[in-house]
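Tertiary structure, described
Single-letter residue listing:
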Amino acid sequence: MAESKQTGPSLWPAPDEAPTDADLSRCVHCGLCLNSCPTYLVTGLEAESPRGRIYLARAIESGELSLTETIQQHWELCLQCRACEAVCPSSVPYGRIMEHARAQLDADAPAGKGERRIRKLLLRHVIAKRPVLRMAMLPARIMAQRPLRSLARRSGILRLAPPLQRLEAQLPHRVGRPFRPGGKLAQPAAPSAGEAVLFVGCVMGELFGRVHRATGRLLARRGIACSAPEGQGCCGALHAHDGDLSYARKLARQTIDAFEPSDPAPVVVNSAGCGAAMKEYGDLLKDDPDYRERAQAFSGRVRDLSEVLAEAAAVPARYEGTASYQHACHLAHAQRIREQPAMLVSNVSGCKQVSTGGEDVCCGAAGIYSIVQPEMSAELRARKAEGFARADPGVVVTANPGCQMQYEAAVREAGTGARVMHLAEFLDAAEQRAARE
Ligand code: SF4
Ligand code: SF4
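In this convention, every chain numbers its residues from 1, walking through the sequence in written order. Written order decides the labels, with chains lettered from A and ligands numbered from 1. Since the coordinates come from a predicted model, pLDDT governs what is reported: local features require at least 70, and pairs of side-chain atoms require 80 or more to be given and counted, while whole-chain, interface and lining totals use all residues. Side-chain measures were taken over the full set of non-hydrogen atoms in the model, leaving aside hydrogen atoms and water.

The term salt bridge refers to a pairing of a side-chain nitrogen on Lys or Arg with a carboxyl oxygen on Asp or Glu at a separation within 4 Å. Using the criterion set out here, one finds 34 salt bridges in the structure. Two residues, Arg119 and Glu76, come together in a salt bridge whose shortest N-O distance is 3.8 Å. Taken together, the residues span a long stretch of sequence, with Arg119 in helix α7 (residues 113-127) and Glu76 in helix α4 (residues 69-76) at a distance of 43 residues. Here Arg119 and Glu76 have matching classes, each one buried. Secondary structure is summarised from DSSP: a helix means a run of H or I of at least four residues, a strand means a run of E of at least two, and numbering begins at the N terminus for each. Think of it in three bands: with a 1.4 Å probe and only protein chains considered, a residue is buried below 20% of the maximum accessible area for its type, exposed above 50%, and partly exposed in between.

In this section: the site of ligand 1. Each residue is tested against the molecule or strand, and it is near if at least one of its non-hydrogen atoms lies within 4 Å. Lining the immediate environment of ligand 1, one finds 13 residues, of which Cys27, Cys30, Gly31, Cys33 and Cys88 sit closest. With a 1 Å grid laid over protein atoms only, a set of points is called a cavity when a 1.4 Å probe fits there but cannot get out and a pocket when it is open yet has protein on both sides within 12 Å along at least five of seven lines; lining residues have an atom within 4 Å of a point. Being in a pocket or cavity means that more than half of the molecule's atoms lie within 2 Å of its grid points. A majority-of-atoms criterion places ligand 1 in the largest cavity. Ten residues, namely Ala, Val, Leu, Ile, Met, Phe, Trp, Tyr, Cys and Pro, are considered nonpolar, four, namely Asp, Glu, Lys and Arg, are considered charged, and the remaining ones, Gly among them, are considered polar. A per-class count over the shell around ligand 1 returns nine nonpolar, three polar and one charged.

To continue, consider the site of ligand 2. Near ligand 2, the surroundings consist of 13 residues, among which Cys37, Arg53, Cys78, Cys81 and Cys84 are the closest. In this structure the site holding ligand 2 corresponds to the second largest cavity.

Mapped onto the elements, Val92 comes out in the loop between α5 (83-87) and α6 (94-108). Looking at Val92, the relative accessible area reads 4%, which means it is buried. Separated by 167 residues in the primary sequence, Val92 and Phe259 place their C-alpha atoms 31 Å from one another. By the convention used here, residues are in contact when the closest approach between their heavy atoms is within 4.5 Å. Among all residues touching Val92, those that are not within four sequence positions of it are Asp23, Arg26, Cys27, Ile54, Glu85 and Ile97.

Turning to the sheet that holds strand β7 (residues 395-398), a few remarks are in order. Any two strands between which DSSP finds at least two bridges are classified as paired. Spatially, four strands are ordered β6-β5-β7-β8 in an open sheet, and the strand pairing comes out parallel. Each end of this open sheet is capped by a strand with a single partner; those strands are β6 (349-353) and β8 (419-422). Recorded for the sheet is a direction-independent mean angle of 35 degrees between the axes of neighbouring strands. In the sheet, β7 pairs with β8 via four bridges, with the strands oriented parallel. The partner of Val395 across the bridge, within β8, is Arg419. Lines fitted to C-alpha atoms define the axes here, with helix axes fitted over just the stretch in contact, and angles between the N-to-C directions of these axes take values from 0 to 180 degrees. Of the strands in this sheet, β5 (318-325), β6, β7 and β8 touch helix α25 (residues 423-436), which is tilted by about 95 degrees from β8.

The domain boundaries here were taken from an automatic or database domain assignment. In terms of domain boundaries, the protein breaks down into domain 1 (15-111), domain 2 (114-170), domain 3 (195-309) and domain 4 (315-436). Between domain 3 and domain 4, the C-alpha centre-to-centre distance is 22 Å. The partner domain 4 presents 25 residues to the 26 residues of domain 3 that form the contact. Note: buried area is the sum, over both parts, of the accessible area (probe 1.4 Å) each one loses when the two are combined. Surface buried jointly by domain 3 and domain 4 totals about 2100 Å² across both partners, of which 64% is contributed by carbon and sulfur atoms. Summed over the shared surface of domain 3 and domain 4, the number is five salt bridges. Across the salt bridge formed by Asp428 and Arg221, the nearest N and O atoms sit 2.7 Å from each other. Polar contact is the term for a pair of N or O atoms within 3.5 Å; when the atoms are in protein, one must be able to donate a hydrogen and the other to accept it, and sequence-neighboring residues count only if both atoms are side-chain atoms. The interface formed by domain 3 and domain 4 includes 12 residue pairs in polar contact (both at pLDDT 80 or more). At seven residues, helix α13 (residues 209-221) tops the list of elements feeding residues into the side of domain 3 that touches domain 4. Here the residues of the side of domain 3 that touches domain 4 are counted per class, giving 11 nonpolar, seven polar and eight charged.

As structure tokens, this is what we get:
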């Protein structure tokens, strides 16, 4: 693991954004995180474990190592799933450490500078710009049309372009109408349980508009009047994970501005990655005197949909069949929300939960990870597919759009014909069924 040895001051390319010594020195090398780490489980290598990656960061911090291509590869293989953080007895803030480690690559990557630059441009100028994203998603929306999709598959043309083939495999089984800020959601006949505002997100709104509409119906049945304020955009989670912290902060400020007029209504989020990022705005903007307190106040309003539903009055729901709830990493590990979604699924009458094994292990979607680390992503997806083939659930339920797309591909690999549904869609369909009976 050792690279060029040096001693002396820290060798971070971007010292202002470097992981802090206080965070790094929390790690006591106990190794309790190793068997929770997907990349360690696959490779068996210390350098692909949380402890190994922290060790490398500490060596740069203490001036023993400089940032090399090998270190870059070890950090880039990390999924940022934060399973390690959830089990760490020393409360090592691994997610924060890795975001700041990636910021070093953003400043000066020893390898693949061109690729990183393109990635940064795409994240800044496509994902974070709604009109551009809308255009960029058009091919995906066209490709998702069933006749075209079947034709593309049968013709074998996708095999000529593996990235396109991977993308097609991940597309939702149907892409309905997008849902954008300002869009109309179902409203309760009598708003008896207060108001909420919905965070729409970037890709989520374009490809999973149906999940937002289902979210509106779930809240309306519980007497919660929900709207989706105009002016909101991307939360910046993908930018932060990629180390582009300055742009992540800019998007965080925009998000706070967009939601302040609706204060104190809870900000309901149905995408685990976005929710985790927004709950941590207080930390992201802690050095910004204008936004520090506003960020903390905003983060305090952010609620995952499952938290809101678990606290609201129960609504009858029915689904005759088997289901498997797969934890979304940024819900289970980053937000530590595990019981609520599992409980909501098990409360559906007639539903039998089956175990696929490894429900809380990352599926390999991890934001843009499946695009930039296709091999590890495919290995983790294959493990999920094995579990699906073995347990044969009728429905695979999850709570994050990226996971949903990865499970679409995993189910196809498993060849079981299971439906993949967001928790909001699953509960909404089950409540509609119960209401009809
Ligand atoms: S990150 Fe936490 S669990 Fe892992 S080795 Fe360090 S102290 Fe132990
Ligand atoms: S974030 Fe996930 S992949 Fe990265 S070190 Fe932690 S457990 Fe491993």
